[in-house]
Amino acid sequence: YTQKLADFFHAADTSGDGHLTMAEFDSVLSNKHLKAYLATLELDASKARELFAILDDGDSLISVEEFVTGAIKLKGTARSQDVAILAKDVSRVHAKLDTMDTALQTIQQCLHAPVH
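Note that this is a predicted model, so its numbers are computed, not measured.

Student: What exactly am I supposed to notice about the packing of aromatic side chains here?
Tutor: A ring pair, where both rings are aromatic, is described by two values, the distance of the centres and the angle of the planes. Across all of its chains, the model carries four aromatic pairs by this definition. Relative to Tyr-37, the ring of Phe-8 has its centre 6.2 Å away and its plane inclined at 20°; by these criteria the two rings are stacked. Of the two residues, Phe-8 is situated in helix 1 (residues 2-12) and Tyr-37 in helix 3 (residues 32-40); the sequence distance between them amounts to 29 residues. Classification of Phe-8 as buried rests on a relative accessible area of 1%. Overall, the relative accessible area of 28% leaves Tyr-37 in the partly exposed class. Between the aromatic rings of Phe-25 and Phe-52, the centroid separation amounts to 5.7 Å while the plane-to-plane angle is 55°, which identifies the pairing as tilted. Here Phe-25, found in helix 2 (residues 22-29), pairs with Phe-52, found in helix 4 (residues 48-55); they are 27 residues apart in sequence, far enough to count as distant.

In structure tokens:
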């Protein structure tokens, strides 16, 4: 399974730079044969943007390691992929809440600081 994922990745990496961009990923999913192959790997290609976001570590590029590791986690029904999408969204919301909490604490400290 791992080798099949790596083979798919290398077929999708049209630039040959070892990374997939969203444009390359979209291009792959417009190819009926590669899209069908992705389905045989039990990955839901109908949610391409979400799938890319799950696999991406934040740099807008997917390495072969990210692809293989992430795809193994997502193997199975669309439900697994849906749960992964939700988990990624929750992680982003959590990070934003942490940032807001820090900002609010700073504001609170400024409001309670003695006036000279």
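Student: Looking at this structure, how should I read the side chain of Asp-13?
Tutor: Inspection of the secondary structure puts Asp-13 in the loop between helix 1 and strand 1 (19-20). At 2.7 Å, the side chain of Asp-13 forms a polar contact with the backbone nitrogen of Gly-18. Discounting residues that sit within four places of it in the chain, Asp-13 has contacts with Gly-18, His-19, Leu-20 and Glu-24.

Student: Looking at this structure, I do not really get unusual backbone geometry. What am I missing?
Tutor: Leave glycine aside and you will find that most residues have negative phi; peptide bonds, for their part, are mostly trans. Even without being glycine, Ser-60 reaches a positive phi, approximately 65°. Within the fold, Ser-60 resides in the loop between helix 4 and strand 2 (62-63).

Student: Would you mind showing me how to read the confidence of the model for the protein chain here?
Tutor: Low-pLDDT stretches of the model should not have their predicted coordinates read in fine detail. Mean pLDDT over the protein chain: 84, with 95% of residues reaching 70 or higher. Least confident of the elements in the protein chain is helix 4, whose mean pLDDT is 79; most confident is strand 1, at 94.

Student: Looking at this model, I keep getting lost on the nonpolar core. Mind explaining?
Tutor: Counting residues in each nonpolar core, the largest one holds 27 residues, and the members touching the most others are Leu-5, Phe-8, Phe-25, Leu-38, Ile-62, Phe-67 and Leu-74. The set of elements that each furnish at least two residues to this core consists of helix 1, helix 2, helix 3, helix 4, helix 5 (64-74) and helix 6 (78-111). Those residues in contact with Leu-74 that lie beyond four places of it in its chain are Glu-42, Leu-43, Leu-51, Ile-54, Leu-55, Ser-80, Gln-81 and Ala-84.

Student: When you look at the environment of Val-68 in this model, what are you seeing that I'm missing?
Tutor: By secondary structure assignment, the location of Val-68 is in helix 5. In this structure Val-68 comes out as buried when scored by relative accessible area, which is 10%. The sequence separation of Val-68 and Leu-5 amounts to 63 residues, and the corresponding C-alpha distance is 5.8 Å. In contact with Val-68, other than residues within four places in its own chain, are Thr-2, Leu-5 and Ala-6.

Student: Which parts of the structure should I look at to understand the packing of helix 1 against helix 5?
Tutor: The axes of two packed helices give the description: the angle between them and the distance between them. The interhelical angle for the contact between helix 1 and helix 5, taken along N-to-C directions, is 135°, at an axis separation of 9 Å. It follows that helix 1 is oblique to helix 5 by the angle criterion. In terms of crossing hand, the pair formed by helix 1 and helix 5 is right-handed. Across the interface between the two elements, Thr-2, Leu-5, Ala-6, Phe-8, Phe-9 and His-10 of helix 1 pack against Val-64, Phe-67, Val-68, Ala-71 and Ile-72 of helix 5.

What counts, and at which threshold
Residues numbered from 1 in each chain as written. Predicted model: local features only at pLDDT ≥ 70, side-chain atom pairs only at ≥ 80, totals over all residues. Heavy atoms only, no water. Phe/Tyr/Trp six-rings, centres within 6.5 Å; stacked < 30°, edge-to-face > 60°. Helix = DSSP H or I, 4+ residues; strand = E, 2+ residues; numbered from the N terminus. Buried < 20%, exposed > 50% of the residue type's maximum accessible area, 1.4 Å probe, protein only. Polar contact = N/O pair within 3.5 Å; in protein donor to acceptor, adjacent residues only side chain to side chain. Contact = heavy atoms within 4.5 Å. pLDDT = per-residue confidence, 0-100. Core = buried A, V, L, I, M, F, W, Y, C linked by side-chain atoms within 4.5 Å. Axes fitted to C-alpha atoms, helices over the stretch in contact; angles between N-to-C directions. Parallel < 35°, antiparallel > 145°, perpendicular 65-115°, else oblique. Left-handed = near helix turned anticlockwise from the far one by under 90°.

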